[in-house]
Amino acid sequence: MTTPPGDALPIASNEDVVQVRQSVRAVAAAVGMSLVDQTKIVTAASELARNTFVHGGGGSAQVERVVNARGRPGVRLVFTDKGPGIPDVAQALTEGWTSGGGLGLGLPGTRRLVDEFELETAVGEGTTVTVAKWAR
Amino acid sequence: MTGASDSAHLSTLLESERETLLGRWVEIVAATMRGRLTADELRVELGELYALIERAVLGGDDEAAGELRAALGEISRSRARQGFTPTETATSVFALKQAVLERVEASADTAAYAEFAAFSSRVDELGLVTFETYAAAREQVIADQMEQLLELSTPVVKLWDGILGVPLVGTLDSARTQVVMESLLERLVETGSQIAILDITGVPAVDTEVAQHLLKTVMAARLMGTECVISGIRPQIAQTIVALGVEFGEIATKATLADALAYALDKTGAHPGERTGA
Amino acid sequence: MDRVPILKIGEVLLVSIQVDLQDQTVLALQEDLAERIVATGARGVIIDITAVDIVDSFIGRMFATIASMSRLMDAETVVVGMRPAVAITLVELGLSLGGVRTALDLEKGMRLLGAPLPAAGPGALDGR
């Protein structure tokens, strides 16, 4: 069930968001995450996939099984879109701020669900969010 | 791997003098065991090693070499669990050199003596294998114990029909608070309980992170349709919580576990002496 | 797209979510529920999420929307059966579901709404 690196899942519809959740769940379970940690990473994936679809105009998600420096297994997710990008990153990462439309709790909530969080964005070029979570 | 031809004399010696050498080996090791393992137990254990060493070290048999490593690993793991020191464990292997050397010297066989140096360094390697496995096994024992302690130190008890209690004692860190939170919420579902009391009388200090975790536990319990009361908040902890600016809001907090239980009984409409289904 | 069925038990509408929800299904459910509340004059709505293994902000917000919407039509909403892992995650995410009432299971949810419980085996009506 592990998606090999480079094999990205498309995010072009609401069904794709569900598909991403299911792939992440399978990999998180396979690396031996606790039920709570599985739920956290799947929820984070759901938030980010929806962002990619709604704000980024669609894109892709890469779901990988990884091992960190201390030998702990985990899951890494990379969400990429070619959308408008985020003009003010600091603001997007500020607590209590969402881009409106009633979607998402913004990125700070998602960031709390994972162990590693990285945001790369350029206005007019797109956004890439990389997150990782390790099995305890 | 030492070829058979390089150690012909030693091979012959180990084969022909098996009983004497093994007996001496067991004798030397038994002296260091101070009765924790009997000579018979040692004879079985070392007898197996002896045969494997003959095949692997002197005979150059690769398959036996793998078996030997596995056998050594098994011995050091069981020694680690029984509380032997790593030195004692490695000495069990090194003692073979002493037994063999004594025989070689007695036989005055110079060819066997020349082969002994290579044999000795091979046995040293085997001793180090036990050391490595020993260290890994001890780490595993420590990790298991930590996990057991974590579970032991966070019991979730039923105080009354529909009321659970968690008496927290000792220092609360982030990991432990998380374990408490998860097991408490699981137990609420399993028992269909309406109220949980988190008693922190035995907790010496609360920092921001722990206070946040307690708060999250209460909020998660609420999302599940249950209530969580915190009791045993001592004056210093109350001061800390206020000073840290953690918002405990409308969470029910009680000074003592008794107050919390009275509150919970009142909430669930239970009356002591009229337990249902008791 | 799947539609989530809405059952009527007395004066209560019961929604038991059994599928992995996608956003369109969530929006359709909100619409369907509004119509059914008006059509049936229901006094309560129970959303049973015992089988749901994740609730993200979109689904969480649906609960709040349904709760305030049904309140306007004089019906009370209770979300029942949230799993511990889901609750912990929602708290971490920062969603407190203000204004949404919750109960441990369907039975307690029915009781919270003051709805008569269907007669069942022993245990269904124990306690208070």
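Here the structure is shown first, and the text comes after it.
Computed from a predicted structure; not experimentally measured. (Residues numbered from 1 in each chain as written. Chains lettered and ligands numbered in written order. Predicted model: local features only at pLDDT ≥ 70, side-chain atom pairs only at ≥ 80, totals over all residues. Heavy atoms only, no water.)

J.: Which residues make up the interface of chain C and chain A, and what values go with them?
T.: The partner chain A presents 23 residues to the 20 residues of chain C that form the contact. In total, chain C and chain A occlude about 2000 Å² of area from one another, counting both sides; carbon and sulfur atoms represent 54% of this. Among the residues of chain C in contact with chain A, Ile54, Glu92 and Leu93 of chain C are the three that bury the most area, contributing 27% of the side total. Where chain C meets chain A, there are six salt bridges. Asp56 of chain C serves as the salt-bridge partner of Arg50 of chain A, at 2.7 Å between the closest nitrogen and oxygen. The tally of links between chain C and chain A comes to ten residue pairs in polar contact (both at pLDDT 80 or more). When its residues are assigned to classes, the side of chain C that touches chain A shows nine nonpolar, five polar and six charged. (Contact = heavy atoms within 4.5 Å. Buried area = accessible area lost by both parts, 1.4 Å probe. Salt bridge = Lys/Arg side-chain N within 4 Å of Asp/Glu carboxyl O. Polar contact = N/O pair within 3.5 Å; in protein donor to acceptor, adjacent residues only side chain to side chain. Nonpolar A, V, L, I, M, F, W, Y, C, P; charged D, E, K, R; others polar.)

J.: Give me the lowdown on unusual backbone geometry, citing residues and values where you can.
T.: With a phi close to 65°, Asp74 of chain C is a non-glycine residue in the positive phi region. Judged by relative accessible area, which is 52%, Asp74 of chain C ranks as exposed. (Buried < 20%, exposed > 50% of the residue type's maximum accessible area, 1.4 Å probe, protein only.)

J.: Report on the pattern of salt bridges, specifying residues and quantitative values.
T.: Tallied over the entire structure, the rule returns 29 salt bridges over all chains. Between Glu92 of chain C and Lys40 of chain A there is a salt bridge; the shortest N-O distance is 3.8 Å. You can see Glu92 of chain C sitting in helix H3 (residues 84–93) and its partner Lys40 of chain A sitting in helix H2 (residues 35–54), one on each of two chains. In this structure, Glu92 of chain C and Lys40 of chain A share a single accessibility class: buried. Between Arg122 of chain B and Glu125 of chain B there is a salt bridge, and its shortest N-O distance comes to 2.8 Å. Of the two residues, Arg122 of chain B and Glu125 of chain B both sit in helix H6 (residues 110–152), three residues apart, roughly one turn of that helix. (Helix = DSSP H or I, 4+ residues; strand = E, 2+ residues; numbered from the N terminus.)

J.: Hey, could you go over the side chain of Thr39 of chain A for me, with residue numbers and the actual values?
T.: Examined against the element boundaries, Thr39 of chain A turns out to sit in helix H2. Taking relative accessible area as the criterion, Thr39 of chain A reaches 2% and is therefore assigned buried. Residues contacting Thr39 of chain A, with those up to four places away along its chain left out, are Arg25 of chain A together with Asp53, Ile54, Ala85, Val86 and Thr89 of chain C.

J.: Tell me about the sheet that holds strand E2 (residues 163–169) of chain B, and name the residues and values.
T.: Residue and element names in this part refer to chain B. The five strands are arranged E1-E2-E3-E4-E5 in an open sheet whose pairing can be described as mixed. A strand with exactly one partner marks an edge of an open sheet, and here the two such strands are strand E1 (157–160) and strand E5 (253–254). Pairing of strand E3 (residues 195–202) with strand E4 (residues 227–231) involves five bridges; the strand directions are parallel. Bridging across to E4, Ala196 finds its partner in Cys228. (Pairing = 2+ DSSP bridges.)

J.: Describe the packing of H2 of chain A against H3 of chain C, naming the residues involved and giving the relevant values.
T.: In contact at an axis separation of 9 Å, H2 of chain A and H3 of chain C are set at 50° when each is read in the N-to-C sense. Judged on the interaxial angle alone, H3 of chain C and H2 of chain A are oblique. Classified by chirality, the crossing of H3 of chain C by H2 of chain A is right-handed. On the side of H2 of chain A, the interface is formed by Leu35, Val36, Thr39, Lys40, Thr43 and Glu47 of chain A, while H3 of chain C contributes Ala85, Val86, Ile88, Thr89, Glu92 and Leu93 of chain C. Per-class residue counts for the contact of H2 of chain A with H3 of chain C are six nonpolar, three polar and three charged. (Axes fitted to C-alpha atoms, helices over the stretch in contact; angles between N-to-C directions. Parallel < 35°, antiparallel > 145°, perpendicular 65-115°, else oblique. Left-handed = near helix turned anticlockwise from the far one by under 90°.)

J.: Tell me about the sheet that holds strand E5 (residues 126–134) of chain A, and please be specific about residues and values.
T.: Residue and element names in this part refer to chain A. Read from one edge of the open sheet, five strands run E1-E2-E3-E5-E4, paired in antiparallel fashion. Two strands close off the open sheet at either side, each with one partner strand: strand E1 (9–11) and strand E4 (116–122). Sheet twist, expressed as the average angle between the axes of neighbouring strands with direction ignored, equals 20°. Across seven bridges, E4 lies against E5 in antiparallel orientation. In the sheet register, Leu119 faces E5, and the bridge partner there is Val129. Across the sheet, helix H1 (residues 14–30) is in contact with E1, strand E2 (59–67) and strand E3 (73–81); its angle to E2 comes to roughly 0°. Its contacts with the sheet put H2 on E1, E2, E3 and E5, and the angle it makes with E3 is roughly 10°.

J.: Quick one: what's the story with the packing of helix H2 (residues 18–33) of chain B against helix H3 (residues 39–58) of chain B, residue by residue and with numbers?
T.: Residues and elements named next belong to chain B. Orientation of H2 relative to H3, taken along the N-to-C sense of each, is 130°, at an axis distance of 9 Å. By the angle between their directions, the pair H2 and H3 is classed as oblique. As for how H2 packs across H3, the hand of that crossing is right-handed. Of the residues in H3, those touching H2 at Arg18, Glu19, Leu21, Leu22, Gly23, Trp25, Val26, Val29, Ala30 and Met33 are Ala39, Leu42, Arg43, Leu46, Gly47, Leu49, Tyr50, Ala51, Ile53 and Glu54. The residue inventory of the contact of H2 with H3, partitioned by class, reads 14 nonpolar, two polar and four charged.

J.: How would you sum up the environment of His55 of chain A? Please name residues and give values.
T.: Within the secondary structure, His55 of chain A sits in the loop between H2 and E2. Sequence separation of His55 of chain A and Gly126 of chain A is 71 residues, and the distance between their C-alpha atoms is 9.9 Å.

J.: Help me get a handle on the pairing of strand E1 (residues 6–9) of chain C, residues and values and all.
T.: Residue and element names in this part refer to chain C. Relative to strand E2 (residues 12–16), E1 is paired through four bridges, and the arrangement is antiparallel. For Lys8, the partnering residue across the bridge sits in E2 and is Leu13. Between the end of E1 and the start of E2, which pair antiparallel, lie two residues, with Gly10 showing a positive phi angle near 60°.

J.: Explain the pairing of E3 of chain A to me, using residue names and the numbers behind them.
T.: Residues and elements named next belong to chain A. With nine bridges connecting them, E2 and E3 associate as antiparallel partners. Residue pairing in the sheet places Ser60 in a bridge with Thr80 of E3. Remark: five residues form the turn of the hairpin made by E2 and E3, two consecutive strands paired antiparallel; Gly71 in that turn has positive phi of roughly 85°. Relative to E5, E3 is paired through eight bridges, and the arrangement is antiparallel. When the sheet's bridge partners are listed, Asp81 is paired in E5 with Thr127.

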